[in-house]
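# Remarks on the overall topology
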Amino acid sequence: MLVKRLLYFFCVSLLFVSCSTKKNALVNRAYHNLTARYNGYYYSGVAIDDGVYKIEKSNKENFDKILPIYIYPTPEQAKSTFPEFDKAIKKSSVCIQKHAIKDKKGGEIPSSGRWIDNNWINIGIAHFYKREFFSAIESFEYVVRTYTKSDDKYTAMLWLIKANNEIGAVSSSEPILGLLKNEKHLKKRIKNELPVVWADYYMRRGQNTEAIAKLLEATRNTSFINGIPKKKRARYSFIIAQLSEQSKDIKRATKYYKKTIALKPAYEMIFYSKIKLARLLDVKRNNSEKTKKDLLKMAREFKNSDYYDVIYYTLGEIEEKERNIKQAVYYYKKSVQKSVNNSNQKALSYLKLGEINFDLTNYTSAEAYYDSTIVTLPKDHPEYNSILARKKTLEALVGHIKTISREDSLQRISKMSPKEQEAFIDNLIAAYVKEQERKEKEAAAAALLAPTLPNNSNSNNALPGFAGNASSFYFYNQTTISFGLTDFQKKWGDRKLEDNWRRANKAMTIEDSKDEISDIGKTKLDSGIVPEKTREFYSKNLYTNDSLIRKSNNRIIKAYYMMGSIYKEDLNNNRKAIATFEELNTRFPQNHYLLRTYYVLYRTYLAEKNTAKADYYKDKILTEFPDSEFAALIKNPEIAAEINAKNSEVEAYYEGVYDAYKRNNFSESYSMAKEGISKYGKSQLLPKFEFVRSMSLGKLKGIDTLETNLKLLVAKYPKSDITPLSEDILLAIKKQKNPEAFKPKEEIVIPKDSFNLNFEGEHFIIAVTPDNPKIADEFKTRIGNFNGTYYSEKSFNVSSSLFGSKKQLIVIKSFGDAKIATEYYENFNADPDIFKGDVKRELFSVFPILSDNLPILYKSKNIDGYEAFYMESYKKLNSKN
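No experiment lies behind these values; they were computed from the predicted model shown. (Residues numbered from 1 in each chain as written. Predicted model: local features only at pLDDT ≥ 70, side-chain atom pairs only at ≥ 80, totals over all residues. Heavy atoms only, no water.)

## What about the overall build of the protein?
Cut-off, in case you're wondering: Here a helix means four or more residues in a row that DSSP labels H or I, a strand means two or more in a row labelled E, and each is numbered from the N terminus. Only protein chains enter the accessibility calculation, which uses a 1.4 Å probe. A residue is then buried if its area is under 20% of the maximum for its type, exposed if over 50%, and partly exposed in between. Contacts are residue-level and defined by heavy atoms, with any inter-residue pair within 4.5 Å sufficient. In these tables, accessible area is a Shrake-Rupley quantity obtained with a 1.4 Å probe, and a residue counts as shielded only by the protein chains included in the view.
Within the protein one finds 39 helices and 4 strands. Put simply, the protein has 881 residues, and 46% of those count as buried. Of all intrachain contacts in the protein linking residues separated by at least 6 positions in sequence, the fraction that spans at least 24 positions is 62%. In the form shown here, the protein has an accessible surface area of approximately 48500 Å², with 52% of it arising from carbon and sulfur atoms.

What follows is the structure, encoded as structure tokens:
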């Protein structure tokens, strides 16, 4: 009995001794290794596996893009898995705290434990999946730096590469990859994953050829095949196929899409592999009938109900390849109809319909499809900006087409006799009443039928158009509302509850109705007022005198000119441009765009190599407008080139001066600025040369010299665009010399009524542009071309300066009064050559401004306030004109 008690006491004592983390004995190491592995590392690993499972389960692949190598969480997904990864961090942290053996100074002894480094790695992995990448990097670097003799440091190195890649520090990954590549004693697991990590690295750098090579290396490795689950191998095969397809290696792409299917991954990947194979079909070499038959069979299978839109889109692509455009359009429309949850696919189907109609020059239909594309297309789509630009161009074009149609309709009805007008309006009223009665009957019938319908998604098809049938009966029944809501979402997707919800661009509303009721009652209808059943309601918008007819004609003339310009410059459709300009001149022989259209027609016919028609318009310009700038250009094409060459010489020299200043070579910039003042003393850039000279002298001789020279500059050039900047520097000098006199104040926002109003005073045109040399310089070049073409007899000063940290202020001066400035401004905005390509109208704020208001604007930087002031005050001037 005594022996048993002694033995028990000995075991308990041994257990307590072995718990100590201050002794590096065999028994201590054995105990702490055992508990570190099964208490800390194991349970933190289980928590990580749970979190990764949740991430992979909730992940929604976009098979229209190249899949990423690894599935990482989005910020939203990461938040949902915080409990799992926090648990992992806690388990491993407690384990390290309790079981890491330490020396007398409290420092960890790395060689004493086998599982402590694994716990550190788990902490890093948990931080990684929480998207706390810098904390993860700290953990992985600690393992690499501390556990130099452990093979687990290579695992930490792999995760360190992944973390660097995720934060965009791809260049930091390369040396680590190099170390692993040259290491000869890597475990099989690390060897298997290394090519995959290389592939991820190459894909992030856009080196897809190298990425393919590494993935091929991985998938051909027998130990990789035996050690990696089929699910991952299928993913890598699919990515190889995608990358090969992108690089036009159709043979390899086909091979690896088939290999993906053979590996039997999740059905979605199998489905998209089959779809990709169908889209890769070469219809010139292979008969497509079997492929189309297989796709149509897939479209009848219930398991593919979520993918019907993708199937019909693929059928449309095949028909389009075979030049069966009508059938392709049918399938693309079918794809749109069947698309319920996949907004990305719906956008691609709309885009195809838009592109086909654009190629067929059906611009009105194309505009509608491009509009729907932009509503549903994700903004990260690689072609989003170009699609948006085309959509805006078509929107503007269709707006002008409808303006002409509306004005022609209103004029035609206005010119009818009173009896004819009454009869016409009576027919409109009768048609309107009949249509309302039809809608009410349909809605009432639907409301009666709805309760008997089965409650499933297919029943939506039994009541087509429910979402568009509005009547009081409809909203009494919750079932019909549900049907209507579903039908609406099928057609329009998710739209905010707001005005003009049909359109992506709410700034421009184009009437949907094709009949003349929308023209006559437009104002009332757009405001939401139900048309009255009276003649007076419809006759209010008719043109009752010659003045209204003239205004209507002016709207038509402008619409024709803008249409022709869009056809010519934006759509490169010379045939339609010619037809539009010639129709404008035939209908309105004395329009104020006549000279411009003659010149455009002359240049367009030259481009089309139609010499006879080009000569015809050349003769008209020389005969009817002999003193015009266009006549001068025709007689002497070198004129414009000479003017541009002179300006370019001065600008190039100034760039050299400014470059020397930026390089802090103040002696050189001072000397060059002095030479520029002497050589180009009459140039519009003279104040800028003076400014650089003053700044350089200040850098060389001190702040007092700078202050004196800037004061002279401000006095000499009080209205120069460089003056406000000089005044700002002078103010800064004052603050530096006497800081007590300048107490910090809140940022001043100049309200709109702080600007002066004087229509008779000197005016400038200002443009606030991005501080991007490519855009700003091109814009200034176009201003010069515009002035040389349309105002060659005038001498304008065009200058620019910084406007805040990210903007430039370009000033065109000067104009005698507001009326002259406004006329220039309107012509400038109407010119199709100013805003196109990179010089997009939405990037610029352009306004006339009173010269006295420019210093106020420059100091306040309150461009929004000035815009509000201009819109409110100058509309009075426009109404007078």
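## Overview of the pattern of salt bridges
So the rule is basically this: The working definition used for a salt bridge is a side-chain nitrogen of Lys or Arg within 4 Å of a carboxyl oxygen of Asp or Glu.
Following the criterion strictly, the structure yields 35 salt bridges and no others. Here D249 makes a salt bridge to R252, at a shortest N to O gap of 3.8 Å. Via salt bridges that share partners, E289, K292, E319 and E322 belong to a single interconnected network.

## With respect to the pairing of strand β4 (residues 845-850)
Formally: For two strands to be treated as a pair, DSSP must find at least two bridges joining them.
In terms of residue burial, β4 counts as a mostly covered element, since 5 of its 6 residues are buried. Sheet topology note: the strand β1 (residues 763-770)/β4 ladder contains 6 bridges and is antiparallel. Following the sheet pairing, V768 is matched in β4 by S845.

## Considerations on unusual backbone geometry
Note the cis peptide between K813 and S814, where omega equals 0 degrees. Along the chain, S814 falls in strand β3 (residues 807-815). You will see that T361, though not glycine, has its phi angle at about 60 degrees, which is positive. Following the sequence through the fold, T361 ends up in the loop between α18 (343-359) and α19 (363-376). Residue classification places T361 among the partly exposed residues on the basis of a relative accessible area of 24%.

## Here's the deal with the nonpolar core
To keep it simple, the criterion reads: Buried residues of nine kinds, namely Ala, Val, Leu, Ile, Met, Phe, Trp, Tyr and Cys, make up a nonpolar core once their side-chain atoms join them within 4.5 Å.
Of all hydrophobic cores here, the largest spans 84 residues; its most connected members are I69, Y129 and I311. Considering each element in turn, this core owes the most residues, 9 residues, to helix α9 (residues 188-204). In contact with I311, not counting residues within four places along its chain, are F271, I275, L295, M298, A299 and N304. Judged by nonpolar contacts, the second largest core, of 43 residues, contains L351, F588, L594 and Y605.

## Overview of the confidence of the model for the protein
What counts, and what does not: Scored from 0 to 100, pLDDT reflects the predictor's confidence in each residue.
Per-residue confidence for the protein gives a mean pLDDT of 78; residues scoring 70 or more make up 79%. Confidence, read as mean pLDDT per element, is least for helix α23 (residues 517-520) in the protein (37) and greatest for helix α27 (residues 574-587) (93). In the predicted structure, residues 451-483 sits below a pLDDT of 50 and forms 41 contacts with residues beyond four places in sequence or in another chain. The model gives residues 496-530 a pLDDT under 50, and that stretch makes 66 contacts with residues more than four places away or in other chains.

## Points about the sheet that holds strand β2 (residues 797-802)
The pairing of strands in a sheet comes from backbone hydrogen bonds and takes either a parallel or an antiparallel form. Just so we agree on the cut-off: Axis angles are defined between N-to-C directions and span 0 to 180 degrees, where every axis is a line fitted to C-alpha atoms and, for a helix, only to the segment in contact.
Read across the sheet, 4 strands follow the order β2-β3-β1-β4 without closing on themselves; strand pairing throughout is antiparallel. Only two strands of the sheet have a single neighbouring strand rather than two, namely β2 and β4. Going from strand to strand, the sheet's axes swing by 25 degrees on average, the running direction of each strand aside.

## What to know about the environment of I856
With respect to the helices, strands and loops of the structure, I856 is situated in helix α38 (residues 853-860). For the pair I856 and F755, spaced 101 residues apart in sequence, the C-alpha to C-alpha distance is 7.3 Å.

## Some details on the packing of aromatic side chains
Operational definition: Any two of the Phe, Tyr and Trp rings considered here, Trp counted by its six-membered ring, make a pair once their centres fall within 6.5 Å; the pair's planes then place it as stacked at under 30 degrees, edge-to-face at over 60, or tilted in between. Note on geometry: a ring has a charge over it if NZ (lysine) or CZ (arginine) is within 6 Å of the ring centre and within 35 degrees of the ring normal.
Summed over all chains, the structure comprises 61 aromatic pairs. Both rings, one in Y272 and one in Y307, keep their centres 6.1 Å apart while their planes meet at 80 degrees; by these two values the pair is edge-to-face. Separated by 35 residues along the polypeptide, Y272 in helix α14 (residues 267-279) and Y307 in the loop between α15 (289-298) and α16 (308-321) bring together distant segments of the chain. Y307 sits in the buried class, given a relative accessible area of 13%. Connected via pairs of aromatic rings, a cluster forms that spans Y70, Y72, F85, F128, Y129, F133, F140 and W159. Across the ring face of F764, the terminal group of K813 is positioned such that the distance to the ring centre comes to 5.2 Å. The cationic tip of K861 hangs over the ring face of Y858; the distance from NZ or CZ to the ring centre is 4.2 Å.

## Re a nonpolar patch on the surface
To keep things clear, this is the line we draw: Patches here are clusters of residues that have more than 30% relative accessible area and form no salt bridge, with a 9 Å joining cutoff for like charges and a 5 Å cutoff for nonpolar side chains (Val, Leu, Ile, Met, Phe, Trp, Tyr).
A cluster of nonpolar side chains, contributed by Y42, Y43 and V46, occupies part of the molecular surface with about 290 Å² of accessible area. Its place among the elements puts Y43 in helix α2 (residues 26-58).

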